[in-house]
Amino acid sequence: MDHPNAPVYDYVIVGAGTAGCVLAARLSEDPDVTVCLIEAGPTDDTDNIRIPAAGGKLCRTRYDWDYDSHDEPNLGGRRLYLPRGRVLGGTSAMNGMVHIRGNPVDFDEWRQPGWTYETMLPYFLRSEDNERGASRHHGVGGPLPVAEGRSRNPMAAAFVRAALAAGHPANDDFNGPRQDGFGQYQVNQRDGRRCSAAAAYLHPVADRPNLRVWTHLQAHRILVEGGTARGVRCQRLDEIVDVRARREVILSAGAYNSPQLLMLSGIGPADQLTALGIPVVADLPEVGRNLQDHPSTYLVFTHDEPVSLLSAGEERHVRQFESDGSGPLSSNVPEAGGFVRTRDGLPAPDVQFHVLPVMFVDCALGVPTEHGISFGPCVLRPASRGDVTLASDDPTAKPRIRHRYYADPADLETMVAGVRIALDIARQAPLAPYTRRAWAHPASGDDADLRAFVRAHTQSIFHPAGTCAIGAVVDPRLRVHGVAGLRVVDASVMPLVPRGNTNAPTVAVAERAADLIRDRVPVPEPAVAAGVG
Ligand SMILES: Cc1cc2nc3c(=O)[nH]c(=O)nc-3n(C[C@H](O)[C@H](O)[C@H](O)COP(=O)(O)OP(=O)(O)OC[C@H]3O[C@@H](n4cnc5c(N)ncnc54)[C@H](O)[C@@H]3O)c2cc1C
C-alpha cells in the first residue's frame, strides 16, 4: 500500500445516492461497526434541492454528472442528455419524486432467488412512511415519506379526467392491488419539501460516531489485493486518498458509474480492459452490458391559461410555499399519470404516462417560453439493450453510454401505440383549455408520421438499470463474481428495469442488501442467469 496510514472502516460505501444513503444508515445502526460513505459531490444544502419545482435548475451544474448518450442510431444520431445527481442524495436529490414500486411481476421476472415480490414487499413497507396510514400495501414509520402531492395543478387533474373520458380506469394507488389506470402520483416529500434519500436516511443519523460521510471525494478505483477488495483509491482536489475496508467495499455509484468503477479496477470484459492498458483482475464480460432505460415521448401543447409552472417563481408562490409548503413550487413536476397495456395478453402494463404542467423540452434542458402542458408515454419493459464502456483509463473521464433505444423494433411499436393513446387523451374535453396550440405533435396519425415523431422526440426518463445485473455480474447476495469483499448495491443490479419509476425499487434493493450484508436473511440458492435479458 502506498498509504499505510490510510483511514480504515469496516464498510466503505462508494456513492451517497439513493442506495448508498440507505445502506450507510442501516449498516451504522450497529454501533460496533464503522462505516465510511464516500461521495464525489458536495453536501445538499441548496434550495434548488429542497424546493421540488426547482429541481430542473440542478441540471448541468456542479450537482450533476452531466452525461450524454452517444449518438443514438435509431434517433437520427441524436445524443440525449442524461442527468445524474452528484451530491449527497445522488439522483434522488434531483429526481421527480414519484413513488412507484414497479409491478409485482417485475421482481418475479428477475428469476433470482430471494428477489421475488414476496421477499421485496417487507422492504418496501419497512422503508415507507405513507401518510395514508398502514395497510397490507403500505408502511408507516419508515424513513422515506410517501405523501400526496400538494401542488394539485389543474392541468394534472384535467389530464386524469381526460384519460377517464377516453375510457381508461381510475387508479388512486399505483402501489396497491392494481397498477393499471390513471391518477395522481404519491411523492417523496415532507411538508411539501423534497425528501431525498439523504434527507430521509442520512441526515437523521449523521451524528453517529461510527459513521463518516466524506463529500468531495471521488473514487478512482477499488484496491484489490490477492483477489479481495481492501479499500478504495480516491481523489480530493489534487490529493490522492486511500480509504481501507476491513470487511467490505460496496459500490453504490449508480447504473453508469458502478460499472465504470469496476472496469477502472480491472473487473470487466478482459479484452476491453487490456486494450486500455488496465490490468485484468477478474474477466467479467457482462459488466456494463444489459443497460436498460424507459424511453419517453411527450406531446407538448401551449395555451394562455396562467396555470403552468412558467410562473412558479412569482413572489406570491414563493410566499405560499414558505408558509405551508403548497402551491406551484411544491410541484414534483410529473404530478399525475397512469399505466396502460397497449395490447392483449400482457402480464402487466407496458406503457406509463406522466403529465407535466409545463413545456418539457430537450430532456429538461429546454427553457419554457409559454404556458404549456406536456404528457406522453414511456416504454416500461424495453427489449433493447445498451451498454456502458470506458472511453479511457482516466477515472475522471465520462464513461461511454450507448442506450440504443429502439434497437429492438418492438419497442418503437410499443411507443407508437402509446403515442396514439396520448393523442386520444389529448382530444378529450377536459383538456380542451390546455391543448389550444400543438407545440410538439406528430404531423398526422399515420404510422409513418408517428414513427418519425417518436424518433425525433424521444427523451430519456432517466431510469438506467441493469449494468451489474444479479446473476451476470453479482450473485444473489450482490457479491461481485470473482472478487471477495466487494458488492454492488444500486439500480445497476436489477436484471430487468421495473415497470415504473426506479427510486423506490432502488431503496428496497438497498434495504434488502443491508440485511444480506448483516447476514439477517438466509443464503439464497445459486443464481439463475436466465433472468438477465
Ligand atoms: C431528472 C430525473 C428524474 C427522475 N425522476 C424519478 C422519479 O420521479 N421517481 C423515481 O422513482 N425515480 C426517478 N428518477 C430515477 C431515480 O432517482 C434513480 O433511479 C435513483 O436515484 C438511482 O439510485 P442509485 O442509488 O442507483 O444511484 P444514484 O442516486 O445516482 O447514486 C449514485 C451516487 O454515487 C455517487 N458517485 C458516482 N460515482 C462516484 C465516484 N466515482 N466516487 C464517489 N461517488 C460517486 C454519485 O455522485 C451519486 O451520489 C429520476 C432521475 C432523474 C435524473
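Conventions adopted
- Residues numbered from 1 in each chain as written.
- Predicted model: local features only at pLDDT ≥ 70, side-chain atom pairs only at ≥ 80, totals over all residues.
- Helix = DSSP H or I, 4+ residues; strand = E, 2+ residues; numbered from the N terminus.
- Rg over C-alpha atoms; globule rule 2.2 N^0.38 Å.
- Buried ≥ 20, exposed ≤ 12 C-beta atoms within 10 Å, placed from the backbone.
- Contact = placed C-beta atoms within 7 Å.
- Core = buried A, V, L, I, M, F, W, Y, C linked by C-beta atoms within 7 Å.
- Domains from an automatic or database assignment.
- pLDDT = per-residue confidence, 0-100.
- Axes fitted to C-alpha atoms, helices over the stretch in contact; angles between N-to-C directions.
- Parallel < 35°, antiparallel > 145°, perpendicular 65-115°, else oblique.
- Nonpolar A, V, L, I, M, F, W, Y, C, P; charged D, E, K, R; others polar.
- Near = placed C-beta within 6 Å.
- Pairing = 2+ DSSP bridges.
- Left-handed = near helix turned anticlockwise from the far one by under 90°.

Student: Looking at this structure, I do not really get the overall build of the protein. What am I missing?
Tutor: A tally of helices and strands in the protein yields 12 helices and 26 strands. For 533 residues, the compact-globule estimate of 2.2 N^0.38 gives 24 Å, and the protein sits close to it at 22 Å. Projected onto the principal axes, the alpha-carbon positions of the protein cover approximately 70 × 50 × 45 Å. Counting across all 533 residues of the protein, residues that qualify as buried make up 57%. Residue pairs in contact within the protein that sit at least 24 positions apart in sequence constitute 72% of those at least 6 positions apart.

Student: Got a minute to help me understand the nonpolar core in this structure?
Tutor: Side chains of nonpolar character tend, in soluble globular proteins, to be buried together. Counting 162 residues, the largest nonpolar core has Val 12, Leu 23, Ile 38 and Phe 159 as its most contacted members. Ranked by residues supplied to this core, first place goes to helix α12 (residues 503-517) with eight residues. Shared between two domains, this core takes at least three residues from each, and those domains are domain 1 (1-142 + 193-292 + 384-405 + 463-533) and domain 2 (150-184 + 295-379 + 406-457).

Student: Hey, could you run me through helix α7 (residues 254-264) in this one?
Tutor: At 3.6 residues per turn, the α-helix brings residues three or four places apart onto the same side. Of all 11 residues in α7, 11 are buried; the element is thus mostly enclosed. Looking at α7, one finds that the buried residues are Gly 254, Ala 255, Tyr 256, Asn 257, Ser 258, Pro 259, Gln 260, Leu 261, Leu 262, Met 263 and Leu 264. Looking at the residues trailing α7, positive phi occurs at Gly 266, about 85 degrees.

Student: Mind showing me how you'd approach the confidence of the model for the protein here?
Tutor: As a general rule, the predicted coordinates of low-pLDDT regions are not to be interpreted in detail. On average, the protein scores 96 in pLDDT, and the residues at 70 or more come to 97%. Note on residues 527-533: pLDDT under 50 across the span, and 25 contacts to partners over four residues away in sequence or across chains.

Student: What's the story with the packing of helix α10 (residues 409-426) against helix α11 (residues 447-457) in this structure? I'm lost.
Tutor: Working note: a packed helix pair is described by the angle between its axes plus the distance between those axes. Where α10 meets α11, the closest approach of the two axes is 10 Å, and the angle between their N-to-C directions is 105 degrees. Relative to α11, the element α10 is oriented roughly perpendicular. On α11, the residues touching Leu 412, Met 415, Val 416, Val 419 and Arg 420 of α10 are Asp 447, Leu 450, Arg 451, Phe 453 and Val 454. For the contact of α10 with α11, the per-class residue count stands at seven nonpolar, no polar and three charged.

Student: How should the domain arrangement of the protein be read in this particular structure?
Tutor: Put simply, an interface is often sized by how much accessible area is lost when its parts join up. What the domain assignment lists for the protein is domain 1 (1-142 + 193-292 + 384-405 + 463-533) and domain 2 (150-184 + 295-379 + 406-457). A C-alpha centroid distance of 29 Å is found between domain 1 and domain 2. Taken together, the contact between domain 1 and domain 2 spans 25 residues of the former and 29 residues of the latter. Split by residue class, the side of domain 1 that touches domain 2 holds 13 nonpolar, eight polar and four charged.

Student: Before we go on, may I ask you to explain the environment of Gly 90 in this structure?
Tutor: Relative to the helices and strands, Gly 90 is located in the loop between β4 (81-82) and α3 (104-110). Taking the C-beta count within 10 Å as the criterion, Gly 90 has 34 such neighbours and is therefore assigned buried. Gly 90 sits 411 residues away from Asn 501 along the chain, and the two C-alpha atoms are 15 Å apart. Sequence-distant contacts of Gly 90, that is, excluding residues within four places in its chain, are made with Gly 15, Ala 16, Gly 17, Thr 18, Gly 20, Gly 85, Ala 197 and Gly 254.

Student: Looking at this structure, I do not really get the site of the ligand. What am I missing?
Tutor: Inspection of the region around the ligand gives 41 residues, with Gly 15, Gly 17, Gly 90, Gly 96 and Asn 503 positioned closest. Listing elements by their share of the shell around the ligand, those giving two or more residues are α1 (18-27), β12 (218-225), α7 and α12. At four residues, the largest contribution of residues to the shell around the ligand is made by α7.

Student: I tried to follow the pairing of strand β18 (residues 299-303) on my own but got confused; where do I start?
Tutor: Within β18, five of the five residues are buried, which leaves it mostly tucked inside the rest of the structure. Side chains of β18 alternate between two faces, with Leu 299, Phe 301 and His 303 and Val 300 and Thr 302 buried alike. The sheet contact formed by β18 and strand β21 (residues 371-379) spans five bridges and is antiparallel. When the bridges of β21 are listed, Thr 302 appears paired with Gly 372. Strand direction decides the pairing type here: β18 and strand β24 (residues 437-440), joined by three bridges, are antiparallel.

Student: Sorry if this is basic, but what is going on with the sheet that holds strand β8 (residues 186-187) here?
Tutor: One key point about sheets: their strands pair by backbone hydrogen bonds, in either a parallel or an antiparallel sense. Reading across from one edge, β5-β6-β8 is the order of the three strands in this open sheet, with mixed pairing throughout. Every interior strand has two partners, whereas the edge strands, β5 (128-130) and β8, have only one.

Student: Even after reading the chapter, I still don't get unusual backbone geometry, so can you show me in this structure?
Tutor: One non-glycine residue, Asn 290, adopts positive backbone phi at about 65 degrees. Mapped onto the elements of the fold, Asn 290 is located in the loop between β16 (282-283) and β17 (295-296). In the Ramachandran plot, Leu 478 falls in the positive-phi region, its phi being about 70 degrees despite a non-glycine side chain. Looking at the secondary structure, you find Leu 478 in the loop between β25 (459-460) and β26 (486-488).

Student: It is not clear to me how the packing of α1 against α12 should be interpreted in this structure. Could you clarify?
Tutor: At a minimum axis separation of 8 Å, α1 and α12 run at an interaxial angle of 35 degrees. α1 and α12 meet at a crossing whose hand is right-handed. For the pair α1 and α12, the contacting residues are Thr 18, Ala 19, Val 22, Leu 23, Arg 26 and Leu 27 in the first and Asn 503, Thr 506, Val 507, Val 509, Ala 510, Glu 511, Ala 513, Ala 514 and Ile 517 in the second.

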